[in-house]
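# Overview (structure and organization)
Single-letter residue listing:
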Amino acid sequence: MREKMIEVWDLSLRLFHWLLATAFFVAWWAEGRDIRLHIIAGSVIAGLLLYRVVWGFVGEKHALFKMFRPTWSMLVGHAGDLIRLQAARYIGHTPIGSLMIYMLLLSLLVLVVSGMALLGLQMGVGLFSPWASSASFETEILLQQIHGWCLDLLQYLIAMHLAGVVVESLLQRRNLTLSMITGRKEKEEAIK
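Calculation criteria
Residues numbered from 1 in each chain as written. Predicted model: local features only at pLDDT ≥ 70, side-chain atom pairs only at ≥ 80, totals over all residues. Heavy atoms only, no water. Phe/Tyr/Trp six-rings, centres within 6.5 Å; stacked < 30°, edge-to-face > 60°. Helix = DSSP H or I, 4+ residues; strand = E, 2+ residues; numbered from the N terminus. Buried < 20%, exposed > 50% of the residue type's maximum accessible area, 1.4 Å probe, protein only. Axes fitted to C-alpha atoms, helices over the stretch in contact; angles between N-to-C directions. Contact = heavy atoms within 4.5 Å. Nonpolar A, V, L, I, M, F, W, Y, C, P; charged D, E, K, R; others polar. Core = buried A, V, L, I, M, F, W, Y, C linked by side-chain atoms within 4.5 Å. Polar contact = N/O pair within 3.5 Å; in protein donor to acceptor, adjacent residues only side chain to side chain. Salt bridge = Lys/Arg side-chain N within 4 Å of Asp/Glu carboxyl O.

### As for the packing of aromatic side chains
What characterises a pair of aromatic rings is the spacing of the ring centres plus the angle enclosed by the ring planes. With the rule as written, the count across this model stands at eight aromatic pairs. Measuring from centroid to centroid gives 6.0 Å for Phe65 and Tyr102, while their planes differ by 40 degrees, and the two rings are tilted. Linking Phe65 in the loop between helix 2 (35-58) and helix 3 (72-83) with Tyr102 in helix 4 (residues 95-123), this pair joins segments that are 37 residues apart in sequence. Judged by relative accessible area, which is 26%, Tyr102 ranks as partly exposed. Ring centres 6.2 Å apart and planes at 75 degrees place the aromatic pair Phe128 and Trp131 in the edge-to-face group. According to the relative accessible area criterion, Phe128 is partly exposed, its value standing at 26%.

### Observations concerning the packing of helix 3 against helix 4
Geometrically, a packed helix pair is captured by the angle between its two axes and the distance between the axes. Two elements in contact, helix 3 and helix 4, have axes whose closest approach is 8 Å; the angle formed by their N-to-C orientations is 120 degrees. Across the interface between the two elements, Met74, Leu75, His78, Ala79 and Leu82 from helix 3 touch Pro95, Ile96 and Leu99 from helix 4. For the contact of helix 3 with helix 4, a count of residues per class yields seven nonpolar, one polar and no charged.

### Description of the nonpolar core
Of all hydrophobic cores here, the largest spans 26 residues; its most connected members are Ile45 and Leu108. Within the residue set of this core, elements represented by two or more residues are helix 1 (11-30), helix 2, helix 4 and helix 6 (137-172). Per-element tally for this core: the top contributor is helix 4, with seven residues. Setting aside chain neighbours within four positions, we find Ile45 in contact with Leu20, Ala23, Phe24, Ala27, Leu108 and Val112. Counting five residues, the second largest nonpolar core, distinct from the first, contains Ala117, Leu118, Leu121 and Ala132.

### Quick word on the side chain of Ser107
By the secondary structure assignment, Ser107 is in helix 4. Ser107 gets classed as buried once you look at its relative accessible area, which sits at 8%. From its side chain, Ser107 meets the backbone oxygen of Met103 in a polar contact 2.8 Å long. Sequence-distant contacts of Ser107, that is, excluding residues within four places in its chain, are made with Cys150, Leu153, Leu154 and Leu157.

### Examining the pattern of salt bridges
What the rule picks out here adds up to three salt bridges. In this structure, Arg36 engages Asp34 in a salt bridge whose closest nitrogen and oxygen atoms are separated by 3.6 Å.

### Notes on unusual backbone geometry
Excluding glycine, residues mostly have negative phi values, and the peptide bonds linking residues are mostly trans. In this model, Leu85 sits at a positive phi of 55 degrees, which is unusual for a non-glycine residue. Taking relative accessible area as the criterion, Leu85 reaches 65% and is therefore assigned exposed. With a phi close to 55 degrees, Arg173 is a non-glycine residue in the positive phi region. Mapped onto the secondary structure, Arg173 falls in the loop between helix 6 and helix 7 (176-182).

### Here's the deal with the side chain of Glu168
Mapped onto the secondary structure, Glu168 falls in helix 6. For Glu168, a relative accessible area of 7% corresponds to the buried category. Here Glu168 is in contact with His78, Leu82, Ala87, Thr94, Arg173 and Leu176, once residues within four sequence places are set aside.

This is how it looks when you write it as structure tokens:
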């Protein structure tokens, strides 16, 4: 069975994925309950995002951003396959999955930056604390709104991501969640 498997997701990428999911859940849960835990989890997310950006340029083959740049034609083709309940098999992310990764990373980045700015404004600490003394109350309200909007958007994106994993797993007859745990996919799965 081992010879039928190929390594797709390296250990660091898998750890990033599961640590990010955990830190996001902790930050979400701690909001309104424990601001210290919320800040710690948010700081972990910031560090993980920094790591992912670096790893996206110097990391393992399937972690590189250049390896999962979906084109419009790829997205349309993949969407058509899904509508017909067909599943092409990909070594890494599907085109729609690639787009989802970029949307999640960008939304998380805005969430983290707005959170760090709020930390500077409200508590006078962090990267944005020097700027905080000159910021207006309206700026603080706007940052709170952006932070809230990003959280709302991320909850929708995460739900769509999870639904996509379920749909693709069913269509491909593969456990994609397991591949994000083990890092391996079956060789015959690796068509594209």
